[in-house]
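# Residue-level structural notes
For reference, the chains in residue letters:
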Amino acid sequence: MSWDKKDLLGLEYLSAEEIITILNTARSFSEISTRPIKKVPALRGKTVVNLFYEPSTRTSASFELAEKRLSADIVNMNIATSSVKKGETLLDTVKNLCAYKIDVIVMRHSASGSTLYLARNIESSVVNAGDGQHEHPTQALLDIYTLREHLGELKDKKIVIVGDILHSRVARSNIWGLQKLGAKVTVVGPPTLIPRQIEEMGVDVSYNLIDALKDADAVNMLRIQREREKFSLFPSSKEYSKLFGLNSDKLKMLSPNLIVMHPGPINRGVELASNVADGPNSVILEQVTNGLAVRMAVLFLVTGGTSLHPEQLSS
Amino acid sequence: MSLLIYNGKIIDPAQNINYTGWLLIKNGKIDSIGKGTPEESLKADEKIDAKSAFVSPGFIDIHVHLREPGQEGKETIETGCKAAVAGGFTSVACMPNTSPTIDHASIVKFINLEVDRVNLANVFPIGAVTIDRKGVEMTNVGALVEAGVVAISDDGSPVHDAMVMRTVLDYSRMFDIPVINHCEDLQLVNDGTMNEGFFSTKLGLRGIPSVCEDVMIARDIILAEYTGGRIHIAHLSTAGGVRMIREAKARGVRITCEVTPHHLTLTDEALCEFDTNFKMNPPLRSEKDRQALIEGIVDGTIDAIATDHAPHGSTGKDVEFAYAANGVIGLETALPVVYTKLVKKNIIPLERMIEVLTAGPANVIGLKNKGSLVPGADADIVIWDAENQYTIDVNKFYSKAKNCPFDGWDVFGKPLHTIVSGETKYPGLLD
């Protein structure tokens, strides 16, 4: 057990031991969601604010359920970024919330680094639910949790991340976390979606999906969005799908044990064919289930939970 | 009125002087200069014992933002001039991104009146290239020059249209003033907020590729060579820029350039905490670029160190990184930062540092009687100490702003006396 941090800002800032602590804590919490009464008092009396400056359905629902199953009191705030830029500053909004003596802010924000900025300005815990293109640590933790369920220890396992690496906070958090646990990471996509000098983060780069996946243990297919840039960085979804989409024909050329992941929401027929998304290699819904346990663990640890007493786990 | 400065380590690169000696000032001009101890017969109304500190021409900063008129909450001509003399700068050239823009002689006249009232440092306004810095319609350059501008620039707005740049380079030839361009192809910038490279990849911040600067420097070199006009590249930040300017100078192109203290001493690695006090444009570049800039100072490719002193209040800086204003202040930290990090570590010779703070910038904007202690020159002088370490503290600045990336640095190099036209301005009546 090793955890002394008030915030979860990114996997770059965690040691392998701290990552394992979160994953082990998550394993203890995972059983709660299988009970008839899915609630424990671990966060009773704690107040959590979910501050979402970007639209989110999956992540916000997952955090909200995690908080409720731990008996926290919660407030959900969804704020359109455009009004923020004209009106109140982030810090003013949050300092007002802190005046209510809240314990945790779970924040999603379009600006990279905004959670670090927040964490050094307030005393409450900050949990990063995605900051710009920087990090999305709970997503990577649930990906890693899922991988470990299937592959055991990740040392020397080959994990491939495919798609828009340039704009992906999921990719960055996965790269940090996977490498800290000893896995080898390859990123795949068109050169325009692979950020410069990413090799210096210790990853391999490939522009050929099949080559990269031939000896891979798992693949994480990122959601592709053509409208991210004024000048599109790839010509069409059709061409993208042809070069980098995963379908059953391509899957036949690969190991039958290849684990297929996706952070959601899926563009069916673009990065992932439906029969792959719903097929035997897919662990996509397991990822969602595991996300709940991981977020419960994170909330428990940042609020000062150091060890799990049986009464905290009893319904 | 006469003043004798003695027992000083005099450094004046324009005259190749580096010795312990004395300096006599009469009626605001350098009268005479000499080695060793002055003759007993040498009389002066006032004497300053420099106590073995350095004595050099007053520093000249050809790139500052005084924010007046229009943004007096950030800085004024008065506070900016106080910061200047406190930092050893006796002359500054102020950029035209004021409100209103310095695109009309009347604005130049307003600035000159306020500078006279403040009566601290020399201030040389830079006029806009185009009306409202929009890059479309040329200003009345002749009227601006007559009112006192020493150069023209659209400041932070690059002159994007090649035809506009070709025209102003041609037109300005008859006034023999430089056109200063902030070189940046905005399509390539693509809303970036930091240098593109390993650190932008790691931090997930949109990258500004170094080639966005190189592309426009290349174009400006070509246009300057073709027209015979004078181009000055503001705040050079890339290895590619240094290389192209070196080659252009060797061919005889009329090109000069400047570099900031922050681009000489910091890299994009400093962004890892998302601290907005390290956000400026051009952004902090890679270590490779920084090394090339140092080489450009040493080999003479770079003419001047200029601070790009850009005051901002907390409303511009205490926000998410992507939304923060670009710019850092620099007048009160240029000397200690460059001296401590580059001269004291034997990376740049002391004489060369003084040259790019004095004769180099004077030459860029055509100041005839400044940048040297030669007899007859204006008596703009700084006496500065290099022996005593101190800590940079933004709360002690004369500037209104605190957006400084060097806060807390332990440094050497502190102005003791700043003299403008023979009169002590710092320390003195600043408070």
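Please refer to the structure placed before this passage.
These remarks concern the structure in this document. (Residues numbered from 1 in each chain as written. Chains lettered and ligands numbered in written order. Predicted model: local features only at pLDDT ≥ 70, side-chain atom pairs only at ≥ 80, totals over all residues. Heavy atoms only, no water.)

## So, the overall build of chain B
Along the backbone of chain B there are 14 helices and 20 strands. What you see for chain B is a C-alpha radius of gyration of 21 Å, in line with the 22 Å of a compact globule of 431 residues. Taking the principal axes of its C-alpha atoms as reference, chain B extends roughly 65 × 45 × 45 Å. Looking at chain B as a whole, 64% of its 431 residues are labelled buried. (Helix = DSSP H or I, 4+ residues; strand = E, 2+ residues; numbered from the N terminus. Rg over C-alpha atoms; globule rule 2.2 N^0.38 Å. Buried < 20%, exposed > 50% of the residue type's maximum accessible area, 1.4 Å probe, protein only.)

## A short note on the environment of Leu14(A)
Residue and element names in this part refer to chain A. Structurally, the position occupied by Leu14 is in the segment before α1 (16-30). When its relative accessible area of 3% is taken as the criterion, Leu14 is described as buried. C-alpha separation for the pair Leu14 and His136, spaced 122 residues apart in sequence, amounts to 13 Å. Setting aside residues up to four positions removed in sequence, Leu14 forms contacts with Trp3, Lys5, Leu8, Ile19, Ile22 and Lys180. (Contact = heavy atoms within 4.5 Å.)

## A short note on helix α2 (residues 105-118) of chain B
Because an α-helix packs 3.6 residues into every turn, residues spaced three or four apart end up facing the same way. All names here are of chain B. The end-to-end C-alpha distance of α2 is 20 Å, a good match for the 20 Å that 14 residues give at a rise of 1.5 Å each. If you check which residues of α2 are buried, you get Ala105, Ile107, Val108, Ile111, Glu114, Val115 and Val118. Residues of α2 that are buried sit in contact with α1 (77-86), β7 (89-94), β8 (122-125) and α3 (141-147). (Expected span 1.5 Å × (residues − 1).)

## A short note on the sheet that holds β7(B)
Residues and elements named next belong to chain B. Spatially, β6-β7-β8 is the arrangement adopted by the three strands of the open sheet, whose pairing is parallel. Across the chains shown, the open sheet's two edge strands, defined by having one partner strand only, are β6 (59-64) and β8. The average undirected angle you get between the axes of adjacent strands in this sheet is 20°. Pairing geometry for β6 and β7, over four bridges, is parallel. (Pairing = 2+ DSSP bridges. Axes fitted to C-alpha atoms, helices over the stretch in contact; angles between N-to-C directions.)

## Structural notes on the pattern of salt bridges
Residue and element names in this part refer to chain B. All told, the structure shown has 35 salt bridges over all chains when counted by the stated rule. Its salt-bridge partner being Lys29, residue Asp378 comes within 2.6 Å of it at the nearest N-O pair. Separated by 349 residues along the polypeptide, Asp378 in the loop between α14 (359-364) and β16 (381-385) and Lys29 in strand β3 (residues 29-35) bring together distant segments of the chain. On the accessibility criterion, Asp378 (14% relative accessible area) is buried. (Salt bridge = Lys/Arg side-chain N within 4 Å of Asp/Glu carboxyl O.)

## Structural notes on a nonpolar patch on the surface
Residues and elements named next belong to chain B. On the surface, a nonpolar cluster with roughly 210 Å² of combined accessible area is contributed by Leu188, Val211 and Val215. Structurally, Val215 can be placed in helix α7 (residues 211-227). Given a relative accessible area of 41%, Val215 falls into the partly exposed group. (Patch = residues over 30% accessible without salt bridge, like charges linked within 9 Å, V, L, I, M, F, W, Y side chains within 5 Å. Areas by Shrake-Rupley, 256 points an atom, 1.4 Å probe, with all protein chains shown as cover.)

## Observations concerning the packing of helix α4 (residues 162-171) of chain B against α7(B)
All names here are of chain B. It is at 9 Å that the axes of α4 and α7 come closest, and there the two elements cross at 40°. What the angle tells us is that α4 and α7 run oblique. Two packed elements cross with a definite hand, and for α4 against α7 that hand is right-handed. Between α4, through Ala162, Met165, Arg166, Leu169 and Asp170, and α7, the contact on the second element is made entirely by Arg219, Asp220, Leu223, Ala224, Tyr226 and Thr227. (Parallel < 35°, antiparallel > 145°, perpendicular 65-115°, else oblique. Left-handed = near helix turned anticlockwise from the far one by under 90°.)

## Thoughts on the interface of chain A and chain B
Counting residues at the interface gives 28 residues for chain A and 22 residues for chain B. Counting the surface lost from both chain A and chain B, the interface buries some 2000 Å², and carbon and sulfur atoms represent 52% of this. By the criterion of area lost to chain B, the three top residues of chain A are Ser112(A), Tyr117(A) and Arg196(A), representing 22% of everything that side buries. At the junction of chain A and chain B, the tally comes to four salt bridges. With a closest N to O distance of 2.8 Å, Arg206(B) and Glu229(A) form a salt bridge. If you look at where chain A meets chain B, you find 13 residue pairs in polar contact (both at pLDDT 80 or more). Of all elements in the fold, only α3 (81-86), α4 (90-98), α5 (114-119) and α7 (169-180) of chain A reach the threshold of two or more residues within the side of chain A that touches chain B. (Buried area = accessible area lost by both parts, 1.4 Å probe. Polar contact = N/O pair within 3.5 Å; in protein donor to acceptor, adjacent residues only side chain to side chain.)

## Thoughts on the nonpolar core
Core analysis: the biggest nonpolar cluster contains 106 residues, and Ile22(A), Leu51(A), Ile105(A), Val106(A), Leu118(A), Leu141(A) and Leu299(A) have the highest contact counts within it. Among the elements that take part in this core, helix α12 (residues 284-302) of chain A stands out by supplying 10 residues, more than any other. Ignoring sequence-local partners within four residues, the contact set of Leu118(A) consists of Leu90(A), Leu91(A), Val94(A), Ile105(A), Met107(A) and Val126(A). The next biggest cluster of nonpolar side chains, apart from the first, holds 81 residues, and it includes Phe54(B), Ala292(B), Val420(B) and Tyr426(B). (Core = buried A, V, L, I, M, F, W, Y, C linked by side-chain atoms within 4.5 Å.)

## Comments concerning the packing of aromatic side chains
Inspection of the entire model under this criterion finds 10 aromatic pairs over all chains. Judged by centre distance (5.5 Å) and plane angle (50°), the rings of Phe234(A) and Tyr240(A) are tilted. The two residues Phe234(A) and Tyr240(A) agree in class, both being buried. By the ring-pair criterion, three or more aromatic residues cluster together here, those being Phe234(A), Tyr240(A) and Phe244(A). The aromatic ring of Phe63(A) is capped on one face by Arg295(A), whose charged end is 5.0 Å from the ring centroid. The cationic tip of Lys341(B) hangs over the ring face of Trp409(B); the distance from NZ or CZ to the ring centre is 4.7 Å. (Phe/Tyr/Trp six-rings, centres within 6.5 Å; stacked < 30°, edge-to-face > 60°. Lys NZ or Arg CZ within 6 Å of the ring centre and 35° of its normal.)

## Quick notes on the state of the cysteines
Residue and element names in this part refer to chain B. Counted according to the given criterion, the structure contains zero disulfides over all chains. No disulfide involves Cys94; its nearest neighbouring cysteine sulfur is the one of Cys81, lying 8.5 Å away. Cys257 carries a free sulfur, and the closest cysteine sulfur to it, the one in Cys183, is 10 Å from it. In this structure Cys257 comes out as buried when scored by relative accessible area, which is 0%. (Disulfide = S-S within 2.5 Å.)

## Points about unusual backbone geometry
Each neighbour pair has its own omega, and for Gly264(A) with Pro265(A) the value is -10°, a cis peptide bond. Here Pro265(A) shows up in the loop between β9 (259-261) and α11 (274-277). The backbone phi angle of Lys51(B) is positive, close to 50°, even though this residue is not glycine. One can find Lys51(B) in the loop between β4 (46-49) and β5 (54-57). Residue Lys51(B) is classed as exposed on the basis of its relative accessible area of 66%. Positive phi, close to 55°, is recorded for Asn119(B), a residue that is not glycine. By the secondary structure assignment, Asn119(B) is in the loop between α2 and β8. For Asn119(B), a relative accessible area of 45% puts it in the partly exposed group.

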